[in-house]
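Examination of the molecular architecture
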Amino acid sequence: MKKLKILLKIHNHVSIFGFGRILVFLFALIFSSLALSQTINIEWYYDEGTTFIIDEIYQRVSIGTIYIYSNVKFKFYVIPKVLDVQGVTVTGVRIKNQFISMNPSSPTIVTNKWIYGTMVIYFSYIEPPEDFKVEFTFVFLPL
Amino acid sequence: MEQKLFKVFVLITTLIALKSFASGTFYALIEPGGTTWSQILTFTVKQTVKVEWQYDETQPIAVDRGDSESVVGFIRIYSNKQFKISANVYVAETSIQPLVVPKQVKIGSETIGVGEVLVVTPKNLQGNLSVVFEIDWENLQAEEFPVVLEFTFYPF
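Residues numbered from 1 in each chain as written. Chains lettered and ligands numbered in written order. Predicted model: local features only at pLDDT ≥ 70, side-chain atom pairs only at ≥ 80, totals over all residues.

1. Some points on the sheet that holds strand β2 (residues 35-45) of chain B
Strands sit in the order β2(A)-β2(B)-β9(A)-β4(A)-β7(A) across an open sheet of 5 strands; the sheet is mixed. If you trace the sheet from one side to the other, it starts and ends with β2 (51-54) and β7 (108-110) of chain A, each paired once. Averaged over neighbouring strand pairs, the angle between their axes works out to 35° when direction is ignored. Note: strand β9 (residues 132-142) of chain A against β2 of chain B, 9 bridges, orientation antiparallel. Opposite Val134 of chain A, over in β2 of chain B, you have Leu41 of chain B as the bridge partner. (Pairing = 2+ DSSP bridges. Helix = DSSP H or I, 4+ residues; strand = E, 2+ residues; numbered from the N terminus. Axes fitted to C-alpha atoms, helices over the stretch in contact; angles between N-to-C directions.)

What follows is the structure in structure tokens.
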């Protein structure tokens, strides 16, 4: 009985001055990290390995459906880089009705935490090019 | 038991179908300095060819007796990309075939031998279209005979 009392005492002591504090600290850490960690999820529903055929009349091509979402509000921009040919420029990247900013100093702001729809790429060229590749680099920033 | 197996089969096929549906995902933390995701896509322009001719294809075309050449008229063939062209010319009537042998087709300054392939580098070919024959004038009785011109276009 005495032994148990001592044990309880030790336990109380620890829980008030040590273990409890650690717990509180841990919880605070977990919550703060949860609140701070901003994640970005991208889902695309097209075959990125396929060759996309440009509409000659409008000089644009529909890539497919893309879904970009986060747990927080975010902003982003896209940098398209034409790799194989010269004389071709990407004039716009559109997801549903929204043209995505191609300027790092004024990114597109996504206040509802998600953007979903068909991605359409707009080109500009005088002479129709041979097959070429474009690297699209999306940069996501916390708001 | 069979019904259960069938259900499993349906489930598996649906899963495979979903899996094979082209798609992908990306997941990352947004870093304060920015998180990047990039994708390289390949693009192409469909190749087309357009032919314009400024002659009446229903009218008889004279063949020069001297060099067995027949000038048809102005033609323009153009594409949005580089292309290759081959020409096939043949006399439709079998009785005339041994007497009139098509040799080559000329478009402007370019010459395409019958059955040969010409690479069109500046994407367009234009000028007077003429057909050169090898004619046995001694034995040729017919005054008029139809000739079929067949052009085939290939991607470069």
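2. As for the interface of chain A and chain B
At the junction of the two partners, chain A supplies 36 residues and chain B supplies 25 residues. Ranked by the residues each element gives to the side of chain A that touches chain B, the list is headed by β9 of chain A, at 11 residues. The class makeup of the residues in the side of chain A that touches chain B is 21 nonpolar, 7 polar and 8 charged. Relative to strand β1 (residues 24-29) of chain B, strand β1 (residues 39-45) of chain A runs antiparallel, the two sharing 6 bridges. Bridged to Thr39 of chain A within β1 of chain B is Leu29 of chain B. (Contact = placed C-beta atoms within 7 Å. Nonpolar A, V, L, I, M, F, W, Y, C, P; charged D, E, K, R; others polar.)

3. Structural notes on the nonpolar core
With 26 residues, the main nonpolar core has Phe74, Val78 and Phe140 of chain A as its most contacted residues. At the level of elements, β3 (60-70), β4 (74-82), β5 (89-95), β8 (114-124) and β9 of chain A together with β2 of chain B are the ones that each hand at least two residues to this core. In this structure, Phe140 of chain A is in contact with Ile40, Phe74 and Phe76 of chain A together with Ile30, Gly34 and Thr35 of chain B, ignoring residues within four places of it in sequence. Among the nonpolar cores identified, the runner-up in size contains 17 residues, and Ile77, Phe83, Ile112 and Val120 of chain B belong to it. (Core = buried A, V, L, I, M, F, W, Y, C linked by C-beta atoms within 7 Å. Buried ≥ 20, exposed ≤ 12 C-beta atoms within 10 Å, placed from the backbone.)

4. Focus on unusual backbone geometry
Of all residues except glycine, most have a negative phi; of all peptide bonds, most are trans. In the Ramachandran plot, Gln59 of chain A falls in the positive-phi region, its phi being about 50° despite a non-glycine side chain. In this structure, Ser68 of chain B is a non-glycine residue whose phi angle is positive, near 55°. By secondary structure assignment, the location of Ser68 of chain B is in the loop between β3 (49-53) and β4 (69-79). What makes Ser68 of chain B partly exposed here is the crowd of 18 C-beta atoms within 10 Å.

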